[in-house]
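Structural overview for review
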Amino acid sequence: MRKRRTRPAGAELRHCDTGGMPAAPPPVPSVAALPAGLATLADHEAHARTRLDDNAWAYFSGGAGDEITLRANRGAWDALQLHPRVLRPLQGGNTRVQLLGRELAHPILVAPVAFQRMAHADGELATAHAACALGAGLVLSTQASTSLETIATAIAHEPTRGPLWFQLYLQHDRGFTRELVQRAEQAGYEALMLTVDAPTSGARDRERRAGFQVPPHAAAVHLAALPPAPPVALEPGQSAMFDALLRHAPTWDDVQWLQSISRLPVLLKGIAHAEDARQAAVLQVAGLIVSNHGGRTLDTMPPTAALLPPIVDAVGTALPVLVDGGIRRGTDVLKAMALGARAVLVGRPVVWGLANAGAVGVAHVLRLLRDELEIAMALCGCARLADCSPRMLWPGSP
Ligand SMILES: Cc1cc2nc3c(=O)[nH]c(=O)nc-3n(C[C@H](O)[C@H](O)[C@H](O)COP(=O)(O)O)c2cc1C
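Cut-offs used in this document
Residues numbered from 1 in each chain as written. Predicted model: local features only at pLDDT ≥ 70, side-chain atom pairs only at ≥ 80, totals over all residues. Heavy atoms only, no water. Helix = DSSP H or I, 4+ residues; strand = E, 2+ residues; numbered from the N terminus. Rg over C-alpha atoms; globule rule 2.2 N^0.38 Å. Buried < 20%, exposed > 50% of the residue type's maximum accessible area, 1.4 Å probe, protein only. Lys, Arg positive; Asp, Glu negative; His and termini not counted. Charge placed at Lys NZ, Arg CZ, Asp CG, Glu CD. Axes fitted to C-alpha atoms, helices over the stretch in contact; angles between N-to-C directions. Parallel < 35°, antiparallel > 145°, perpendicular 65-115°, else oblique. Contact = heavy atoms within 4.5 Å. Core = buried A, V, L, I, M, F, W, Y, C linked by side-chain atoms within 4.5 Å. Left-handed = near helix turned anticlockwise from the far one by under 90°. Nonpolar A, V, L, I, M, F, W, Y, C, P; charged D, E, K, R; others polar. Pairing = 2+ DSSP bridges. Right-handed = clockwise from strand over helix to strand, strands pointing away.

Looking now at the overall build of the protein. Across its full length, the protein carries 13 helices and 10 strands. The C-alpha atoms of the protein give 21 Å as radius of gyration, which agrees with the globular expectation for 398 residues (21 Å, within 12%). Expressed as a percentage of the 398 residues in the protein, the buried residues total 54%. Charge centroids of the protein, computed over 37 positive and 35 negative side chains, lie 6 Å from each other.

Now the structure itself:
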């Protein structure tokens, strides 16, 4: 994307309901290259459905099983109620947060999402430019369809960018995994996010019904040279799942191995249990991401809004806890912060923006979320995210 197009789409968006304040903001100008009528992330979702074929839609939108967790993620944020305070000074307020030794403009990061060239020809590169323009952190997937070096070269030196992290799926070939980690380190990635909640894919029925296949142009470029796993001769009574497919599934020993081979901080993505959070803290990982993989792995596990508080309680201030899953509104971001999250990640909405208008669409999605967060903070009487606490939530809400 050329420089002059990196201005965030919707940068002019201002808060709409002024409650009759005299200094009404100017009307929202139309945004070039963005389809008309997109005012929310839900609008982006509806429009993206018209842009993506059935194959891509099944992959990007689907969840595991009956999609109970997928729906629950959204429902849980909706069910929490914000309890505003009034007449508090707001001047000087901001959305800044501290994360891994950096100050971020706001607490919204782009989650790792695979195969983004299936949504738009510019794929992860468009997402990276948009994240950069909006100061959002970017987590690149191991299964990206654009190389980690291409992304780093494009944005590593941009002054406005947020953190650049690499999401790691441990591969059966640990030598190959080590080389991938070294590549990320050399390219300038600042942290590794090890995904621990997907030793196998969930039972994703929508994908199976659609006969989902990754089109060749969107294939996972980092894994193109991965040697196939050597075949296993199973003994009678052994399981093709546990004794073959999962024999290289990551364990706590692998977390320590990863910490030992890299100087980068390691965060664990997919922590759902307080006991696991405590164990991670003992290993001195750099952070946790409370996640159920957007409802794509184990169906019927609880929504992340419910998983978050016990994990925050378990680790205290020892390490930052991030959360993702179903974040669709600035109010969701504020609720997550009130429950103790340091930052949030968004997955599918980024893909919807990408499908709708490439980098401009992703920038618009991120901008909407950030603007909504500011509005929610102002209306809750919260000038700084560091001041968030569960007291901002109505006690009766779940
Ligand atoms: C289409 C798709 C692909 C994903 N690919 C990855 C991936 O490669 N690595 C990973 O750790 N998580 C992956 N995730 C999970 C996201 O990082 C994130 O946890 C989830 O999307 C958050 O939920 P949300 O989509 O409701 O925002 C993927 C999610 C989706 C929807």
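In this section: the packing of helix 5 (residues 148-155) against helix 6 (residues 174-187). At a closest axis distance of 9 Å, the pairing of helix 5 and helix 6 adopts a crossing angle of 10°. Classified by the angle their axes make, helix 5 and helix 6 are roughly parallel. Across the interface between the two elements, Leu148, Glu149 and Ala152 from helix 5 touch Leu180, Arg183, Ala184 and Ala187 from helix 6.

Counting residues in each nonpolar core, the largest one holds 119 residues, and the members touching the most others are Tyr189 and Leu288. No other element matches helix 13 (residues 348-380), which puts 16 residues into this core. Ignoring sequence-local partners within four residues, the contact set of leucine 288 consists of Leu268, Ile271, Ala277, Ala280, Ile311, Val315, Leu319, Pro320, Val321 and Leu322.

Relative orientation of the contacting elements helix 4 (residues 123-133) and helix 13 amounts to 15°, with a least axis distance of 7 Å. When the axis of helix 4 is compared with that of helix 13, the two are roughly parallel. Relative to helix 13, helix 4 is oriented so that their crossing is left-handed. Residues Gly123, Ala126, Thr127, Ala130 and Ala131 of helix 4 lie in contact with helix 13, whose contacting residues are Val350, Leu354, Gly358, Ala359, Val362, Ala363 and Leu366. A per-class count over the contact of helix 4 with helix 13 returns nine nonpolar, three polar and no charged.

An order of 3-4-5-6-7-8-9-10 is seen for the eight strands of this closed barrel, with the pairing classed as parallel. Neighbour-to-neighbour, the strand axes of the sheet open up by a mean angle of 30°, direction not taken into account. Relative to strand 7 (residues 266-271), strand 6 (residues 191-195) runs parallel, the two sharing four bridges. From the neighbouring strand, methionine 193 faces strand 7, where its bridge partner is leucine 267. With respect to the sheet, helix 6 is in contact with strand 5 (164-168) and strand 6, its orientation differing from that of strand 5 by roughly 175°.

Before going further, it helps to examine the pairing of strand 5. Burial within strand 5 is extensive, with five of its five residues counted as buried. The alternating pattern of strand 5 places Leu164, Phe166 and Leu168 and Trp165 and Gln167 on opposite faces, both of which are buried. Between strand 4 (residues 137-140) and its parallel partner strand 5, the chain crosses via helix 5, and the hand of that crossover is right-handed. When strand 5 meets strand 6, the two strands line up parallel, connected through four bridges. Each bridged residue has a counterpart across the sheet, and for phenylalanine 166 the counterpart in strand 6 is leucine 192.

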